[in-house]
Amino acid sequence: MTPEFLVTHSGGFHADELLSSVVLTRLFPDARLIRSRAPEWITPGTDRIIYDVGGAYDPDAGIFDHHQRGAPLRDDGQPFSSFGLIWRQFGRDYLAAFGVPAEDIETVHAGFDADFVLPVDLMDNGALSPSAAGAMAKLTLPVLLETLKPVFDETEPDADNLAFHDALSIARSFVEASIRQSAAKLRAQSIVRQAIEATGDGQVLELPMGMPFRPAIVKAGADHILFVVHPRDTDWCLTGVRRSSEGFELRADLPAAWAGLTGQDLETACGVVGATFCHNGRFIAAAKTREAALEMARIAVAQALSSQSPAALTA
């Protein structure tokens, strides 16, 4: 199906039809986006996809609404918004069009659905309140997108449509950034996995560049790795490995004597020529050369192993 029209409702907009429009306009860039509640537009036809309006859900007929009685639910009973319905139907095609490798599409599709799409679905249906985010409630994506709607006394005749298209561009940026990050994490996992194999039983993992490394370390069961070394733009970085995805506790801290030091002071404290910086929190340090960074890592490992039992390091 190659539609000539992408049809959603007119008037005020919400995150779900905005984000649905992000997906559909990439897949069907030549289709005209129509915002209307007129019967002639929201009646299914072979030339259109209708979403978040129309009072029916029928993928074969190209209509994806969720406001009607008997609207579809996820397998676990949670509700869809139009975004969830569009993502279920077109998300894999969107990822392919975006350039996600075929072997990663299912993983990225499922992850994006759980982390990005589902919260939008729940908030749109009133099953989740922005207040769940506490002090960050006003900074949740659905709330931020709705702030782009015209104010109540806006007099511009086409204000809603103009605002919708402005918001669409912003929504697109968030969707595409999230997909890029998800795909990149999978690429990183492959690189990190190979580096873990090359490291063997060593406690220092060397990577060819900065990248997300913790998920691959955990997935590989590489509990022995305490520090990661990699090049940056003009120097080398040494960083610890967090014990969990929540919080900041490390498997091993950098030496306390290095905390907050830079330049000559750090060189003197650690005995490594080329050491340039250690964060006061002892989770990251830097050096001028690979050799200096690896030597700092060696010293940090030795101190960590001498001060704690192996079980304590990996607990």
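All values derive from a computational prediction rather than experimental measurement. (Residues numbered from 1 in each chain as written. Predicted model: local features only at pLDDT ≥ 70, side-chain atom pairs only at ≥ 80, totals over all residues. Heavy atoms only, no water.)

Student: So what's going on with the pattern of salt bridges? Which residues, and what values?
Tutor: By the definition in use, this model includes eleven salt bridges. Residues aspartate 47 and arginine 48 are paired through a salt bridge, measuring 2.9 Å at the closest nitrogen-oxygen approach. The residue glutamate 295 makes a salt bridge to arginine 298 at a minimum N-O spacing of 2.6 Å. In this pair, glutamate 295 and arginine 298 are both assigned in helix α9 (residues 290-307), three residues apart and thus about one turn of the helix distant. Judged by its relative accessible area of 31%, glutamate 295 is partly exposed. Put simply, Arg74, Asp113 and Asp121 are held in one network by salt bridges that share partners. (Salt bridge = Lys/Arg side-chain N within 4 Å of Asp/Glu carboxyl O. Helix = DSSP H or I, 4+ residues; strand = E, 2+ residues; numbered from the N terminus. Buried < 20%, exposed > 50% of the residue type's maximum accessible area, 1.4 Å probe, protein only.)

Student: With reference to specific residues and values, describe the packing of helix α1 (residues 15-27) against helix α6 (residues 159-199).
Tutor: For the pair α1 and α6, interaxial distance at closest approach is 9 Å and the crossing angle is 75 degrees. Judged by the inter-axis angle, α1 sits roughly perpendicular to α6. The residues of α6 that touch α1, namely those facing Glu17, Leu18, Leu19, Ser21, Val22, Thr25 and Arg26, are Phe164, Ala167, Leu168, Ala171, Arg172, Val175 and Glu176. Classifying every residue of the contact of α1 with α6 by side-chain character gives eight nonpolar, two polar and four charged. (Axes fitted to C-alpha atoms, helices over the stretch in contact; angles between N-to-C directions. Parallel < 35°, antiparallel > 145°, perpendicular 65-115°, else oblique. Contact = heavy atoms within 4.5 Å. Nonpolar A, V, L, I, M, F, W, Y, C, P; charged D, E, K, R; others polar.)

Student: If you had to explain the sheet that holds strand β9 (residues 275-278) to someone new, which residues and values would you point to?
Tutor: The five strands are arranged β6-β7-β8-β10-β9 in an open sheet whose pairing can be described as mixed. Every interior strand has two partners, whereas the edge strands, β6 (204-206) and β9, have only one. Taken over all neighbouring pairs, the strand axes of this sheet differ in orientation by 20 degrees on average, direction set aside. Pairing of strand β7 (residues 227-231) with strand β8 (residues 236-240), which is carried by five bridges, proceeds in the antiparallel orientation. Each residue of the ladder has a partner; that of valine 228, found in β8, is threonine 239. (Pairing = 2+ DSSP bridges.)

Student: I'd love a proper account of the packing of aromatic side chains, names of residues and values included.
Tutor: Following the criterion strictly, the structure yields eleven aromatic pairs and no others. With a centroid separation of 5.7 Å and 80 degrees between ring planes, the pair formed by phenylalanine 13 and phenylalanine 164 is classed as edge-to-face. Note that phenylalanine 13 is positioned in the loop between β1 (5-8) and α1 and phenylalanine 164 in helix α6, a separation of 151 residues in sequence. For the pair phenylalanine 13 and phenylalanine 164, a shared accessibility class is recorded, and that class is buried. Taken together, the ring pairs in this structure connect Phe83, Trp87, Tyr94, Phe98, Phe112 and Phe116 into an aromatic cluster. (Phe/Tyr/Trp six-rings, centres within 6.5 Å; stacked < 30°, edge-to-face > 60°.)

Student: For a nonpolar patch on the surface, give the residues involved together with the corresponding values.
Tutor: Nonpolar side chains collect at one region of the surface, where Met136, Leu139 and Leu144 lie side by side and expose about 280 Å² of accessible area between them. Among the structural elements, leucine 144 can be located in helix α5 (residues 141-146). (Patch = residues over 30% accessible without salt bridge, like charges linked within 9 Å, V, L, I, M, F, W, Y side chains within 5 Å. Areas by Shrake-Rupley, 256 points an atom, 1.4 Å probe, with all protein chains shown as cover.)

Student: Go over the sheet that holds strand β2 (residues 32-35) with me, naming the residues and quoting the values.
Tutor: Judged by pairing direction, the sheet is mixed, and its five strands sit side by side in the order β2-β1-β3-β5-β4 without closing on themselves. Strands with a single pairing partner mark the edges of an open sheet, and in this sheet they are β2 and β4 (57-58). Packing against the sheet, α1 makes contact with β1, β2 and β3 (48-51), and its axis sits at approximately 160 degrees to β3.

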